[in-house]
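Commentary on secondary and tertiary structure
Read off the chains here:
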Amino acid sequence: MQRVKLLTIGDVHICDRSPGKRRDGYREAILAKLEECVKIARENDVTHVLFLGDIFHVKVANRVSHKLVQ
């Protein structure tokens, strides 16, 4: 039987523009954190990734750019 190694990731809330009063590079910071998750998963031979909540901050399809989804 294959051993399962699980990486859990909480509410990412990625969006094209910084939400609310955030003035930093919010989108870039979130993408960098996701890249770090990929690195951790690879280094630890993770077999499954579980997202615990919202991936996108705005839950309307036409409000999220295709570039961001890619």
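Residues numbered from 1 in each chain as written. Predicted model: local features only at pLDDT ≥ 70, side-chain atom pairs only at ≥ 80, totals over all residues. Heavy atoms only, no water.

Quick look at the overall build of the protein chain now. In terms of regular secondary structure, the protein chain is built from two helices and two strands. Order of helices (α) and strands (β) in the protein chain, N terminus to C terminus: β-α-β-α. For the protein chain, whose C-alpha radius of gyration is 14 Å, the value lies well above the compact-globule estimate of 11 Å for 70 residues. Reported as C-alpha extents along the three principal axes, the dimensions of the protein chain are approximately 45 × 25 × 20 Å. A buried classification covers 19% of the 70 residues belonging to the protein chain. Within the protein chain, counting contacts between residues at least 6 apart in sequence, those at least 24 apart form 76% of the total. Counting every atom, the protein chain has about 5,800 Å² of accessible surface; 53% of that belongs to carbon and sulfur. Side-chain charges in the protein chain split into 13 positive and 9 negative, and the spacing between the mean points of these groups amounts to 4 Å. (Helix = DSSP H or I, 4+ residues; strand = E, 2+ residues; numbered from the N terminus. Rg over C-alpha atoms; globule rule 2.2 N^0.38 Å. Buried < 20%, exposed > 50% of the residue type's maximum accessible area, 1.4 Å probe, protein only. Contact = heavy atoms within 4.5 Å. Areas by Shrake-Rupley, 256 points an atom, 1.4 Å probe, with all protein chains shown as cover. Lys, Arg positive; Asp, Glu negative; His and termini not counted. Charge placed at Lys NZ, Arg CZ, Asp CG, Glu CD.)

On to the confidence of the model for the protein chain. On average, the protein chain scores 85 in pLDDT, and the residues at 70 or more come to 97%. The secondary structure element of the protein chain with the lowest average pLDDT is helix α2 (residues 66–69), at 73, and the one with the highest is strand β1 (residues 6–9), at 95. (pLDDT = per-residue confidence, 0-100.)

Another aspect to go through is the environment of glutamine 2. Along the chain, glutamine 2 turns up in the segment before β1. Sequence separation between glutamine 2 and threonine 47 is 45 residues; the distance between their C-alpha atoms is 9.4 Å.

Glancing now at the pattern of salt bridges. Using the criterion set out here, one finds one salt bridge in the structure. For arginine 27, the salt bridge identified is with glutamate 28, shortest N-O distance 4.0 Å. Residue classification places glutamate 28 among the partly exposed positions, given a relative accessible area of 48%. (Salt bridge = Lys/Arg side-chain N within 4 Å of Asp/Glu carboxyl O.)

Glancing now at helix α1 (residues 26–43). Compared with the 26 Å implied by 1.5 Å per residue over 18 residues, the 26 Å span of α1 between its first and last C-alpha is a close match. Turning to α1, its buried residues are Tyr26, Ile30, Cys37 and Ala41. Along α1, the residues classed as buried sweep out an arc of 60° about the axis, all on the same side. Residues of α1 that are exposed and point over 90 degrees away from its buried face: Glu35, Arg42 and Glu43. Against the buried residues of α1 lie β1. Of the residues trailing α1, aspartate 45 is marked for its positive phi of about 50°. (Expected span 1.5 Å × (residues − 1). Arc of directions from axis to C-beta.)

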